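Descriptive analysis of the structure
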Amino acid sequence: MIVVQDDLEQTTLFLPGGVRCGLPIGEDGSPLRLPDRPWRLEMRPRGDRSVLSFAWPDTPYAVLLWVAEDERRVWYVNLEDPIERTPIGFDTVDHALDVVIELDRSSWRWKDEEELAEAVRNGLFTAQEATDFRAWGVKAVDRIVSKSPPFHRDWEGWRPDPDWPMPELPEGWDVVRG
């Protein structure tokens, strides 16, 4: 990702379409959404849609300016551990459940509820954690619908600097540090 803003109050990141990422791949060669069976990391292109991501300290979600399946831009709340700084960037853990909010804030819906239920059944998360994820999802919706910064601005026309280079993962990105 490209760091657009990084200060004490907010981190804004840009993920260009087509960037190569380390993805969890199952033994059958297909990408995994949940690490519920043996897997390996493999470098693959992430898709052609770009993403602008907003994150805040101690906040277990990021809000993405996302292009939906039908090519509409939406706000996409990715429930996840708060991003954590590392020597090579940022880390987080996805919480499976997401929220999709219309860009005009007229409606919202949960996404991947079945995936979260499966993760709870498989012991990846507890029922209490799932309840907490939902509570944070509602807080994120409130933040966006109430137009709290940065959502007081019109982001629909935001575009990256065309001179930004395609980011690459640094050497050692896949090594767990203790």
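Please read all numbers here as calculations on a predicted model, not as lab measurements. (Residues numbered from 1 in each chain as written. Predicted model: local features only at pLDDT ≥ 70, side-chain atom pairs only at ≥ 80, totals over all residues. Heavy atoms only, no water.)

**Some thoughts on the side chain of Lys 111**
Tracing the backbone through its elements, the reader meets Lys 111 in strand 11 (residues 108–111). A polar atom in the side chain of Lys 111 sits 3.0 Å from the side chain of Asp 112. Those residues in contact with Lys 111, other than ones at most four positions away along the chain, are Glu 69, Tyr 76, Ala 96, Leu 97, Asp 98 and Val 100. (Helix = DSSP H or I, 4+ residues; strand = E, 2+ residues; numbered from the N terminus. Polar contact = N/O pair within 3.5 Å; in protein donor to acceptor, adjacent residues only side chain to side chain. Contact = heavy atoms within 4.5 Å.)

**Some remarks on the confidence of the model for the protein**
Looking at the protein as a whole, its pLDDT mean stands at 92, while 99% of the residues score no less than 70. For the protein, the element scoring lowest by mean pLDDT is strand 9 (residues 89–91), at 87; helix 2 (residues 127–145) scores highest, at 98. (pLDDT = per-residue confidence, 0-100.)

**With respect to the packing of aromatic side chains**
In the structure shown here, the tally under the stated rule is 13 aromatic pairs. Linked through ring pairs, Phe 54, Trp 56, Tyr 61, Trp 75, Trp 136, Phe 151 and Trp 155 together constitute an aromatic cluster. A cation over a ring is seen here: Lys 139 above Trp 136, with NZ or CZ 4.2 Å from the ring centre. The cationic tip of Arg 153 hangs over the ring face of Trp 155; the distance from NZ or CZ to the ring centre is 3.9 Å. (Phe/Tyr/Trp six-rings, centres within 6.5 Å; stacked < 30°, edge-to-face > 60°. Lys NZ or Arg CZ within 6 Å of the ring centre and 35° of its normal.)

**Things to note about the side chain of His 95**
Summarising the element assignment, His 95 is placed in strand 10 (residues 94–102). Its relative accessible area of 5% is what places His 95 among the buried residues. Here the side chain of His 95 touches Asp 81 through a polar contact of 2.6 Å, side chain to side chain. His 95 has contacts with Pro 60, Leu 79, Glu 80, Asp 81, Leu 116, Phe 125 and Phe 133, leaving out every residue within four places of it along the chain. (Buried < 20%, exposed > 50% of the residue type's maximum accessible area, 1.4 Å probe, protein only.)

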